Amino acid sequence: MTQDEIFDLIDAEGVEFIRLQFTDVFGRLKNIAVTPSQMEKVFLNRYSFEGSAVFGERYYSEEKLYLFPDLNTFMILPWRPQQGKVAKIVCDICYEDGMPFECDSRYILQKALKKAASKGYEVCVDPECEFFLFHTDENGLPTTTTHEMAGYMDVGPVDFGENARRDIVLMLEEMGFDIESSHHEHAPAQHEINFKEAEALKAADNIQTFRFAVRSIAKRFGLYATFMPKPVNGVAGSGMHTNIRIKKNGKNIFRSDDELTTQEGLNFIGGILAHSKALVALANPIVNSYKRLINGYNAPSIIAWGDKGEKTLVKVNKKLHDTKIELRFPDGSCNPYLMLATCIEAGIDGIEKGLMPGDKFERNDSIDKYDKLPENLKDAICCLNADSFVKETLGAEFTSIFSEIKTNEWNDYMMEVSEWELRRYLTKI
């Protein structure tokens, strides 16, 4: 889109507020809201903010950063009032002179994709986004309460969230999303919506917009949408399985007429598996993530690949005229820009080094023969800092700051006394 086209759309649709959105290191959307009268200033890249907004309250920075809008991301939000409409535009984070801010996660993905393109690779991504719809309390605050007992692909009336999910799909389509499917997931109150693949940067932008839209629309039904990986004990957690298709010279590198995938495809998978212990620090970046990544709850726990089974880290989905790989370990708490950047770089590293993924996982294989993923956030951060290749992808400064923040998060967790500990030990010791 051009600046004139955006001005025309603002005028024609009666837009009164525009959200200048950016993403912090944790994958959380931030924004500055402006009125149409300020759009000239926006287009001149003159909106600034303190760098602390990128890193959160645990890391203070007085550095002044600037928002550079990506005009192609301008979008009107259909769930806002018809009078006084609200729009959004995604921004890159830069210095005053226009140089990219090295710790901007969107820039880290752009840099990875530029490197991939220089080698002839074109990356497309389609995510499978899972989330829970819970009730709110009398103050409008989220709970983990639900009255439904629906299961995988159940329908109404047992699926209480069907109406909310339908409205979410319709409004996403109004925003330009091409929704391929939606359904109830395994756990009560758990849902999944899948949208069509897109070029990797746009896919990451879409994931951010999707989460924002789902939470906003759910609120209209008195529900709270959460992408927390494991909010409820004893049921399946929510993942964000990420399907990747890569073309080189217009040809899908994973598609083989005879074999499950090509040699190049195997090498890409080999790169993912070789760096997987570091990758989970970005794809599964919170303490709660590792309560999903356990055997028995439809989530991977071993470093393996194959074309069947829920335990594999990477799954090859082979269809008649198409083949994709599915990364089964990411969850909805991740920053999609960081997750995609590191996974794409790791896969291409596997191609360049000729890395092989090992034997294909078979359904009856014992998981004991395979290496395990890190069991907690602390171990994942240690693995991240031990992987020089992934650190280089992120940049030394980013890795240092991210590791410090996440180590503090782990330490905070370890200082908390949980209800489980009280039940287990209070009356026995």
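Residues numbered from 1 in each chain as written. Predicted model: local features only at pLDDT ≥ 70, side-chain atom pairs only at ≥ 80, totals over all residues. Heavy atoms only, no water.

### Structural notes on the pattern of salt bridges
The criterion, for reference: One speaks of a salt bridge when a side-chain nitrogen belonging to Lys or Arg is within 4 Å of a carboxyl oxygen belonging to Asp or Glu. Three labels apply to residues, based on accessible area from a 1.4 Å probe with only protein chains included: buried if under 20% of the type maximum, exposed if over 50%, partly exposed otherwise in between. What counts as a helix is a DSSP run of H or I of at least four residues, what counts as a strand is a run of E of at least two, and both are numbered from the N terminus.
Evaluated as defined, the whole model comprises 21 salt bridges. Where Asp-24 meets Arg-28, a salt bridge forms, and the shortest distance between an N and an O atom there is 3.3 Å. A residue is classified by how much of its surface remains accessible, and Arg-28, at 45% relative accessible area, is partly exposed. Arg-106 is the salt-bridge partner of Asp-70, the closest N and O atoms lying 2.9 Å from each other. Highlighted residues: Asp-70 in the loop between strand E4 (64-69) and strand E5 (75-76) and Arg-106 in helix H4 (residues 105-118), separated in sequence by 36 residues. In terms of burial, Asp-70 and Arg-106 fall into one category: buried. When salt bridges with common partners are traced through the structure, they connect Asp-126, Glu-197, Arg-245, Asp-322 and Lys-324 into a single cluster.

### Examining the pairing of E4
Cut-off, in case you're wondering: Here, strands pair whenever DSSP counts at least two bridges between them.
Burial within E4 is extensive, with five of its six residues counted as buried. Pairing of strand E3 (residues 48-50) with E4 involves three bridges; the strand directions are antiparallel. If you follow Ser-48 over to E4, its bridge partner there is Tyr-66. Sheet topology places E4 next to strand E6 (residues 85-94); four bridges connect them, and they run antiparallel. Of the residues in E6, the one forming a bridge with Phe-68 is Asp-92.

### A closer look at a nonpolar patch on the surface
The test is simple: Only residues whose relative accessible area exceeds 30% and that form no salt bridge are eligible for patches; like-charged ones are grouped when within 9 Å, while nonpolar side chains (Val, Leu, Ile, Met, Phe, Trp, Tyr) are grouped when within 5 Å. In short, Shrake-Rupley with a 1.4 Å probe defines the accessible areas, and a residue's cover is counted only from the protein chains shown.
Together, Val-417, Leu-422 and Leu-426 make up an exposed nonpolar region whose accessible area comes to about 300 Å². With respect to the helices and strands, the residue Leu-426 is situated in the segment after helix H13 (419-425).

### Describing the packing of aromatic side chains
Note the following rule: Stacked, edge-to-face and tilted are the three classes for Phe, Tyr and Trp ring pairs, Trp counted by its six-membered ring, which pair at centre distances within 6.5 Å; planes under 30 degrees apart are stacked, over 60 edge-to-face, the rest tilted. Lysine NZ or arginine CZ positioned within 6 Å of the ring centre and within 35 degrees of the ring normal marks a charge as sitting over the ring.
Across all of its chains, the model carries 16 aromatic pairs by this definition. Measuring from ring centre to ring centre gives 5.3 Å for Phe-132 and Phe-134, while their planes differ by 10 degrees; the resulting arrangement is stacked. Phe-134 shares its class with Phe-132; the two are buried. An aromatic cluster of three or more residues is present, and its members are Phe-131, Phe-177, Phe-195, Phe-210 and Phe-227. Taking NZ or CZ as reference, Lys-230 lies 3.8 Å from the ring centre of Tyr-297, over its face.

### Considerations on the nonpolar core
The condition is simple: In this description, a nonpolar core means a group of buried Ala, Val, Leu, Ile, Met, Phe, Trp, Tyr and Cys residues linked to one another through side-chain atoms lying within 4.5 Å. Residue contacts are counted whenever heavy atoms from the two residues lie within 4.5 Å of one another.
Residues Ile-18 and Phe-210 are the most contacted members of the largest nonpolar core, which totals 120 residues. Sort the elements by how many residues they give to this core and helix H6 (residues 200-220) lands first, with eleven residues. Every residue in contact with Ile-18, bar those within four places of it in the chain, is listed here: Ile-10, Ile-32, Ala-33, Val-34, Thr-35, Pro-36, Met-39, Phe-74, Ala-87 and Ile-89. The next biggest cluster of nonpolar side chains, apart from the first, holds five residues, and it includes Ala-304, Phe-361, Ile-367 and Tyr-370.

### Things to note about the environment of Val-232
Locating Val-232 in the fold gives a position in the loop between strand E11 (223-226) and strand E12 (240-248). Relative accessible area serves as the criterion here: at 24%, Val-232 is assigned to the partly exposed category. Residues Val-232 and Phe-132, spaced 100 residues apart in sequence, show a C-alpha to C-alpha distance of 9.8 Å. Contact partners of Val-232, with chain neighbours within four places excluded, come to Phe-134 and Thr-144.

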